[in-house]
Amino acid sequence: MSEYNNGFSHIIEREHGLKRTLSARRMSMIAIGGAIGTGLFLGSGFAISLAGPAVLLSYAIGALIALLLMGCLAEMTVAHPTSGSFGAYAEYYLGPMAGFLVRYAYWTCIVLAVGTEVTAVALYMRFWFPAPPGWLWIVAFSALLIAVNARSVNVFGAIEYWFSAIKVAAIVVFIALAGYMLLRAPAAAGIGFHNYLAYGGLFPHGPWGAWVAVIMAIFSYLSIEMIAVAAGEAAQPEIAVVRAFRSTVVRLVLFYLLTLALVLAIVPWTAAGVDESPFVKVMRALRVPAAAGILNFVILVAALSAMNSQLYITTRMMFSLARAGQAPRGFGALSARGVPLNSLLLSSLGIALATALSVIAPQASFMLMVAISSFGALFTWMMIFVTHYYFRRSRARSGAPPRRFRMIGFPYTTLLGAGLMAAVLVTTLFTPAFRLTLVFGAPFLACLALVYRLRKPAAAGVSCSLHSDGRPQP
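Summary of the structure given here.

Further remarks concern the overall build of the protein chain. Assigned secondary structure in the protein chain consists of 21 helices and zero strands. A buried classification covers 59% of the 474 residues belonging to the protein chain. Sequence-distant contacts in the protein chain: of pairs separated by 6 or more residues, those separated by 24 or more amount to 82%. For the protein chain, the exposed area adds up to about 18,400 Å²; of that, 70% sits on carbon and sulfur atoms.

The structure is reproduced here in structure tokens:
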């Protein structure tokens, strides 16, 4: 009998064995920590150069998309807490091929992202230790984080909690210092909200510049979706996911929009968006001792946090693929501590690949990795919205009772999120800095589809018709 006839419980049972020990407190911190990384500390400067002061609107649009995504994910995760997460949801509500494409596109993009993060870690360490070769830091930090993920999900949760706490504390201190300076600065200091209009107005590069900067905003928010993957190992998934969603709503607006508003008021956008992180410029303006070193430490922690969470996500995605029969069975095996060690080792190959390519062809390899990585993440976000649409359609037709958490404004909010993500993907094709995203990403997705068809010839004859409750039927 098909697993569709057995209900989603078949998929949850298929992925059993992981330890449900993550607390709601750690889940909440992991959720916001995933969205605070180098995209804010470094990428915001590039976004400011694209949009000027209108970058606030760009990040507000990005925050809207991220919050819509979190709402959709929270509702599906409360209903089906499993580590396969959005990949498993796509498999069940859209069909096996959709689950295959989402999981592999996302797994590949995050594996490559791990490689780019670890390469960046070597650059950050050079700030304090310029003599040792970069590969020493790559090996050292990679070994440390692989060991953390191999130990247990509790160890991963504890390390990620403190990484996230450091990032949150750094932003809180930054907001306090910048806010104090803004209120106390003399008129002659050139500091104030007049900087929003003093250098070409609010939209110095027009509405198009503000819209293109939304792409960078989305990149900054990437990884918030990891909360849905972690829910598969939460002690109380319903409570943890709902709390994480609510805390993310508040903190995304507070940390990103308030922080950028202060940056633009203290440092003119024409200076904030070039040559170095705008945070360094603000801290220099604040005359904070050892400002560059402090920020370098925070960015190093952000990169290590990203690596830690990315290793966790890719390990669980490969585990889910193996349990679904879409990857070698060995990757679905668990250690005595409930960790998919084989999947972890495979997912770590991105580190070795990125290190080798960065030596052989640093420029070309980096752009290729970023292009495929970006496409996989953007494609996954769009598919989460599509899956949620069919999820709600299925529950409505089956007469399922309402869950503790429901996405408000359905179907309009879900369709809005899907439409905005589709528009962002199309926009990359017309933006030189992001053009490789679709140029490499679309053929990559086509190759994945071909691999799926070749692996399962019978899938070619599967009908896309739906059961009476909205689920796909073979």
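A separate point is the pattern of salt bridges. Counted by the stated rule, this structure contains two salt bridges. For Glu 91, the salt bridge goes to Arg 103, with nearest N and O atoms at 2.7 Å. Remark: Arg 103 occurs in helix 8 (residues 96-125) and Glu 91 occurs in helix 7 (residues 85-93); sequence separation between them is 12 residues. Across the pair, Arg 103 and Glu 91 agree in class, each one buried.

Core analysis: the largest hydrophobic core is formed by 160 residues, its most contacted members being Phe 41, Tyr 59, Phe 86, Tyr 221, Tyr 312, Phe 379 and Trp 381. If sequence neighbours within four positions are ignored, Phe 379 has contacts with Leu 101, Val 102, Ala 105, Leu 425 and Leu 445.

A few words now on the packing of aromatic side chains. Here a ring pair, both rings aromatic, is described through the centre-centre distance and the interplanar angle of the planes. According to the stated counting rule, one finds 19 aromatic pairs in the structure shown. Ring centres of Tyr 93 and Phe 391 lie 5.5 Å apart, and the angle between their planes is 85°; on these two criteria the pair is classed as edge-to-face. Separated by 298 residues along the polypeptide, Tyr 93 in helix 7 and Phe 391 in helix 19 (residues 362-398) bring together distant segments of the chain. With a centroid separation of 4.3 Å and an interplanar angle of 5°, the aromatic rings of Phe 156 and Tyr 312 are classed as stacked. Here Tyr 312 lies in helix 16 (residues 291-323) and Phe 156 lies in helix 10 (residues 153-184), a separation of 156 residues in the sequence. Exposure remark for Tyr 312: the relative accessible area of 0% places this residue in the buried category. An aromatic cluster is present here, built from Phe 46, Phe 219 and Phe 434 joined pairwise through their rings.

A few words on the side chain of Thr 427. You can see Thr 427 is positioned in helix 20 (residues 412-429). Assessed through its relative accessible area of 6%, Thr 427 is described here as buried. From its side chain, Thr 427 meets the backbone oxygen of Ala 423 in a polar contact 2.7 Å long. Discounting residues that sit within four places of it in the chain, Thr 427 has contacts with Trp 208, Trp 211, Val 212 and Ile 215.

Take Thr 387: it is sitting in helix 19. Residue class for Thr 387 comes out buried when judged on its relative accessible area of 1%. Setting aside its immediate chain neighbours within four residues, Thr 387 contacts Met 76, Tyr 89, Ala 90, Tyr 93 and Leu 94.

Further remarks concern a nonpolar patch on the surface. Taken together, the side chains of Trp 208, Val 426, Leu 429, Phe 430, Val 439 and Phe 440 present a nonpolar region at the surface, about 570 Å² in accessible area. Only helix 20 and helix 21 (436-455) provide two or more residues apiece to the nonpolar patch. Structurally, Val 439 can be placed in helix 21. We classify Val 439 as partly exposed; its relative accessible area is 43%.

Time to look at the environment of Trp 128. Relative to the helices and strands, Trp 128 is located in the loop between helix 8 and helix 9 (134-151). For Trp 128, a relative accessible area of 34% gives the class partly exposed. Along the primary structure Trp 128 and Asn 296 are separated by 168 residues, whereas in three dimensions their C-alpha atoms are 9.4 Å apart. Excluding residues within four positions of it along the chain, Trp 128 makes contact with Gly 293, Asn 296, Phe 297 and Leu 300.

Turning to the packing of helix 5 (residues 43-51) against helix 11 (residues 206-221), a few remarks are in order. The relative placement of two packed helices comes down to the angle between their axes together with the axis-to-axis distance. Remark: helix 5 packs on helix 11, axes separated minimally by 8 Å, with the N-to-C direction vectors making an angle of 165°. Accordingly, the angle class assigned to the pair helix 5 and helix 11 is roughly antiparallel. The handedness of the crossing between helix 5 and helix 11 is right-handed. The residues of helix 11 that touch helix 5, namely those facing Gly 43, Phe 46, Ala 47, Leu 50 and Ala 51, are Gly 209, Ala 210, Val 212, Ala 213 and Met 216. A class-by-class count of the residues in the contact of helix 5 with helix 11 yields eight nonpolar, two polar and no charged.

Moving on to the environment of Ile 61. Within the element layout of this structure, Ile 61 appears in helix 6 (residues 55-79). Along the backbone, Ile 61 and Trp 211 are 150 residues apart, and their C-alpha atoms lie at a distance of 8.8 Å. With near-sequence residues (within four places) excluded, Ile 61 lies in contact with Trp 211 and Val 214.

What counts and how
- Residues numbered from 1 in each chain as written.
- Predicted model: local features only at pLDDT ≥ 70, side-chain atom pairs only at ≥ 80, totals over all residues.
- Heavy atoms only, no water.
- Helix = DSSP H or I, 4+ residues; strand = E, 2+ residues; numbered from the N terminus.
- Buried < 20%, exposed > 50% of the residue type's maximum accessible area, 1.4 Å probe, protein only.
- Contact = heavy atoms within 4.5 Å.
- Areas by Shrake-Rupley, 256 points an atom, 1.4 Å probe, with all protein chains shown as cover.
- Salt bridge = Lys/Arg side-chain N within 4 Å of Asp/Glu carboxyl O.
- Core = buried A, V, L, I, M, F, W, Y, C linked by side-chain atoms within 4.5 Å.
- Phe/Tyr/Trp six-rings, centres within 6.5 Å; stacked < 30°, edge-to-face > 60°.
- Polar contact = N/O pair within 3.5 Å; in protein donor to acceptor, adjacent residues only side chain to side chain.
- Patch = residues over 30% accessible without salt bridge, like charges linked within 9 Å, V, L, I, M, F, W, Y side chains within 5 Å.
- Axes fitted to C-alpha atoms, helices over the stretch in contact; angles between N-to-C directions.
- Parallel < 35°, antiparallel > 145°, perpendicular 65-115°, else oblique.
- Left-handed = near helix turned anticlockwise from the far one by under 90°.
- Nonpolar A, V, L, I, M, F, W, Y, C, P; charged D, E, K, R; others polar.

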